[in-house]
Amino acid sequence: MSVPARAAALLVAVAAVIGLGVFVAIYYIGGSSALPTVHYTASGGVTNVVLQEDPQNDSSSKPDWVSYYVQDPTTKNWVHTTLFSVPAGSTVHVTIYGYDGCTPLRNNYWSQVQGTIGGKVTVSQFDNKGKEYVTDDNTGVINGWSDCNVGHTFAIPDLGLFVPVASPNADLSANNLCASSPCTTSGNPYSLETFSFKVPASGGVYRWQCFVPCGGGYLDGNNGPMATLGYMMGEMDVVSS
Amino acid sequence: MTENSAEVTASDSRRHGWTIFWIVIVLSLIADLLIWFVGKPHFPPGDMSTSATHQQFDIAVLSVSAAPVFIAVVTYFIYSVTTWRARGGDQGDGEPIYGNTKVAATWIIGTAVIVLWAFAFGTFELINPAGAGAGEGPNPIWNLSATKSSSWSPDSNDMLEIQAIGQQWTWTFRYPQFGGMESSVLYLPVNTPIEFHVTSLDVIHSLWIYNLGVKADANPGVDNVAYTTAKQTGDFVLRCNELCGIWHGAMYNQGKVESQTDFETWASGLQVREGSDGLLSALPAYSLTYDPTVVPQLGQAVVKVDGITGAAGYYYPPSDPVTP
């Protein structure tokens with residue numbers, strides 16, 4: 001084989017390897033970006049973010065995984081994603097509907113509310129008939145062990161934000177949880193929790209996650225939904241104007 | 001007459017040998033002085049703690065030891081290439097090489113001395129600073145000299161005990177001498193012997209406090225003990241150094257070394273705050289597992305109620321299958 005032919009063969013081989021690498025990278029990295037991002041805007045410096053956490057989800061691949069949903073601020077539809085964006089420098093007011101039952105925290109330290117404005121959250125609990133049996137409880141600790149009142153947590157470690165998310169009352173929700181996602185307040189026991197925190201004035205992407213080991217079927221309850229974007233972990237994109 | 005001919009005299013060999021020797025001596029002296037006085041202050045991981053200072057010292061000593069060896073090899077290589085290279089028109093064979101007892105003995109003794117020196121120095125530096133900042137397991141062989149007490153106060157020689165708890169994907173720090181309070185920021189008092197008890201609540205992590213020269217694996221159910229003493233006040237970042245899942249790269253926490261009085265003020269204040277808001281009473285007794293199913297404080301009746309279904313209250317213990 002002549003030298004030009006060998007050189008051409010070598011170039012083709014190198015190009016094929018590079019092309020394969022680029023394809024794999026785009027396939028996998030591009031795959032994660034297919035998850036929709038819900039964009040929130042601020043009004044008067046306040047951004048209202050609305051989430052819900054469910055015992056299951058409406059996906060076809062992993063329907064039994066616990067999951068967060070994000071509410072689209074325009075359509076009010078629930079989007080099965082954990083990606084959302086907020087304006088930089090705004091005060092984010094978070095509302096979380098908790099439909100999943102309690103699971104003891106691995107470290108009960110996460111029972112403590114940290115990083116919110118005022119260091120507290122406001123919690124209400126409802127049964128499946130809409131009866132409100134806990135109303136606007138403003139608390140700094142939701143004990144995940146003694147009363148088993150914590151379903152999941154919403155934490156953004158880089159911002160020092162750690163919030164235990166209340167579950168519906170243990171006795172009333174044990175065998176009576178929402179069974180179809182996205183859940184609705186009608187006919188299901190749920191908790192309603194609100195809190196606020198300040199996001200940085202500059203842009204950046206902040207990961208958030210749940211610290212309750214809620215990945216059923218996985219070692220120690222980790223992995224699965226705990227380690228997958230779109231379920232119990234996500235990213236908050238702080239967008240500077 | 002060419003250098004590589006059989007006519008090379010013994011006096012020529014000695015002359016070349018002494019030339020190489022003095023070149024190596026001069027260059028080594030220059031290199032070692034530069035390493036010690038210019039490089040050492042900038043060597044990692046700095047001198048923020050006793051263990052970090054020792055590690056910096058170790059790197060400097062080993063660099064000073066290695067520099068002459070490196071210079072000798074490179075000098076001999078360059079000298080050979082420039083002095084004994086084949087010159088134009090030289091068609092002769094290379095000089096035959098026979099065994100040389102002196103050279104062989106020098107090589108064996110020299111390398112043995114270097115290895116034994118590294119062994120002795122390394123062992124001393126492992127023992128001397130109480131494990132060199134590394135995890136020594138649950139029963140440390142080399143302890144830091146200090147008073148073990150159930151409380152800690154400034155201006156004492158009390159050992160401050162801190163449990164570093166890793167979980168996917170953050171660290172928390174528990175202070176048993178302050179009522180078992182916890183913090184997600186690692187506060188330390190300066191000039192205080194510190195005993196880290198490193199563990200994990202899920203997978204294997206590794207506590208790496210680079211600036212303090214501390215590194216200890218965090219294994220579930222294992223108490224891995226490491227020692228250090230911070231020498232300077234200031235901020236630092238601690239990281240997980242064991243690939244532990246998708247957010248391993250984001251598993252870092254902030255740390256701060258304060259004066260002893262500032263630390264006591266912070267610790268006492270946090271203890272009071274966590275006590276008044278009910279967190280302290282919610283935390284378990286000092287434990288390695290933090291498994292709610294084996295911690296007596298857990299409301300067993302509630303678990304019995306909620307444990308009926310996986311969705312409501314089931315705690316996934318280690319005995320759960322890895323994958324459905």
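Values in this document were obtained by computation on a predicted structure and should not be read as measured data. (Residues numbered from 1 in each chain as written. Chains lettered and ligands numbered in written order. Predicted model: local features only at pLDDT ≥ 70, side-chain atom pairs only at ≥ 80, totals over all residues.)

Caption draft 1: Region of interest: the overall build of chain A. From N to C terminus, chain A includes two helices and 13 strands. In terms of principal-axis extent, the alpha carbons of chain A reach across some 85 × 40 × 35 Å. Across the 241 residues in chain A, those meeting the buried criterion constitute 48%. Taking as baseline every contact in chain A between residues at least 6 positions apart, the subset at least 24 positions apart corresponds to 70%. (Helix = DSSP H or I, 4+ residues; strand = E, 2+ residues; numbered from the N terminus. Buried ≥ 20, exposed ≤ 12 C-beta atoms within 10 Å, placed from the backbone. Contact = placed C-beta atoms within 7 Å.)

Caption draft 2: Focus on the overall build of chain B. The secondary structure content of chain B amounts to six helices and 10 strands. Taking all 324 residues of chain B together, the buried fraction comes to 31%. At a minimum sequence separation of 6, the contacts of chain B that also span at least 24 residues come to 67%.

Caption draft 3: Looking closely at the pairing of strand E11 (residues 190-198) of chain A. Residues and elements named next belong to chain A. Two elements, strand E6 (residues 91-98) and E11, share eight bridges in a ladder whose sense is antiparallel. Paired with Tyr97 across the strands is Leu192, a residue of E11. Bridge count for strand E7 (residues 121-126) against E11 is five bridges, and the pairing is antiparallel. Bridging from a neighbouring strand, Thr122 pairs with Thr194 of E11. (Pairing = 2+ DSSP bridges.)

Caption draft 4: Quick look at the domain arrangement of chain A. Annotation of chain A at the domain level lists domain 1 (1-34) and domain 2 (37-239). Measuring from the centre of the C-alpha atoms in domain 1 of chain A to the corresponding centre in domain 2 of chain A gives 43 Å. (Domains from an automatic or database assignment.)

Caption draft 5: Summary view of the sheet that holds strand E9 (residues 234-240) of chain B. All names here are of chain B. Here we have five strands laid out as an open sheet, ordered E4-E10-E9-E6-E7, and mixed in their pairing. In this open sheet, the two strands that pair with only one neighbour each are strand E4 (186-189) and strand E7 (214-218). Ignoring which end each strand starts from, the neighbouring axes of this sheet average 20° apart. Two strands pair when backbone bridges link them, and strand E6 (residues 205-209) and E9 are joined in this way by two bridges, in the antiparallel orientation. (Axes fitted to C-alpha atoms, helices over the stretch in contact; angles between N-to-C directions.)

Caption draft 6: The packing of helix H1 (residues 10-39) of chain B against helix H2 (residues 50-83) of chain B, seen in detail. All names here are of chain B. Relative orientation of the contacting elements H1 and H2 amounts to 145°, with a least axis distance of 8 Å. Relative to H2, H1 is oriented so that their crossing is right-handed. Mapping the contact onto sequence places His16, Ile20, Ile23, Val24, Leu27, Ser28, Ala31, Asp32, Ile35 and Trp36 in H1 and Ala60, Ser63, Val64, Ala67, Pro68, Ile71, Ala72, Thr75, Tyr76, Tyr79 and Thr83 in H2. (Left-handed = near helix turned anticlockwise from the far one by under 90°.)

Caption draft 7: Representation of the environment of A:Gln56 in the model. All names here are of chain A. Locating Gln56 in the fold gives a position in the loop between strand E2 (46-54) and strand E3 (67-71). A count of 20 C-beta atoms within 10 Å places Gln56 in the buried class. In sequence terms Gln56 and Tyr99 are 43 residues apart; their C-alpha atoms lie 9.7 Å from each other. Sequence-distant contacts of Gln56, that is, excluding residues within four places in its chain, are made with Pro63, Asp64 and Ser181.

Caption draft 8: Expanded view of H2(B). Residue and element names in this part refer to chain B. For H2, spanning 34 residues, the distance from its first C-alpha to its last is 49 Å, which sits close to the expected 50 Å at 1.5 Å a residue. Along H2, the helix axis deviates most sharply at Ala66, where the bend reaches about 25°; the proline Pro68 sits within four residues downstream. Along H2, the residues classified as buried are Thr50, Ser51, Ala52, His54, Gln55, Gln56 and Ile71. Among the structural elements, H1, helix H3 (101-127), E7 and strand E8 (224-229) are those in contact with the buried residues of H2. (Expected span 1.5 Å × (residues − 1). Bend = angle between axes of the 7 residues up to and from the residue.)

Caption draft 9: Region of the structure containing the sheet that holds E8(B). Residues and elements named next belong to chain B. With respect to topology, five strands assemble into an open sheet ordered E3-E2-E1-E5-E8, the strand pairing being mixed. What marks the edges here is a single partner per strand, and that holds for strand E3 (181-183) and E8. The average undirected angle you get between the axes of adjacent strands in this sheet is 30°. When strand E2 (residues 170-175) meets E3, the two strands line up antiparallel, connected through three bridges. Bridge pairing links Tyr175 to Met181 in E3.

Caption draft 10: Representation of the nonpolar core within the structure. Membership of the largest hydrophobic core comes to 97 residues, with the highest contact counts inside it found for A:Val163, B:Ala164, B:Phe196 and B:Leu207. Setting aside residues no more than four positions away along its own chain, A:Val163 makes contact with A:Val113, A:Thr116, A:Val121, A:Thr153, A:Phe154, A:Ala155 and A:Phe195. B:Val203, B:Cys240, B:Cys244 and B:Met251 belong to the second largest nonpolar core, which has five residues in total. (Core = buried A, V, L, I, M, F, W, Y, C linked by C-beta atoms within 7 Å.)

Caption draft 11: Geometry of the environment of B:Val237. Residue and element names in this part refer to chain B. With respect to the secondary-structure elements, Val237 resides in strand E9. Note on Val237: 13 C-beta atoms within 10 Å, which makes it partly exposed. Each C-alpha atom, one on Val237 and one on Phe21, is 47 Å from the other, the two residues being 216 residues apart in sequence. If sequence neighbours within four positions are ignored, Val237 has contacts with Tyr252, Gln254 and Gly255.

Caption draft 12: The environment of B:Phe196, seen in detail. Mapped onto the fold, B:Phe196 is located in strand E5 (residues 193-200). Look past the residues within four positions of B:Phe196 in its chain and what remains in contact with it is B:Ile162, B:Ala164, B:Leu207, B:Val214, B:Ala216, B:Val225 and B:Ala226.

Caption draft 13: Region of the structure containing helix H4 (residues 260-276) of chain B. Residue and element names in this part refer to chain B. With 17 residues, H4 should cover 24 Å at 1.5 Å per step; its first-to-last C-alpha distance of 24 Å lies within 8% of that length. Of the positions making up H4, those classed as buried are Phe263, Ala267, Leu270 and Glu274. All buried residues of H4 lie within an arc of 70° about the axis, which places them on one face of the element. Structural note: H4 exposes Thr261, Gly269 and Ser276 on the side pointing more than 90 degrees away from its buried face. Tucked into the core, H4 has its buried residues touching E2, E3, E4, strand E10 (252-258) and helix H5 (279-282). (Arc of directions from axis to C-beta.)

Caption draft 14: View of the pairing of E7(B). Residues and elements named next belong to chain B. The buried fraction of E7 amounts to five of the five residues, a majority that puts the element mostly inside the structure. Here E7 shows no split at all, with Val214, Ala216 and Ala218 on one side and Lys215 and Asp217 on the other all buried. Two strands pair when backbone bridges link them, and E6 and E7 are joined in this way by five bridges, in the antiparallel orientation. Note on E7: the bridge partner recorded for Leu207 is Ala216. With antiparallel pairing between neighbouring strands as the criterion, E6 and E7 make up a hairpin whose turn holds four residues, including Gly213 at a positive phi of roughly 65°.

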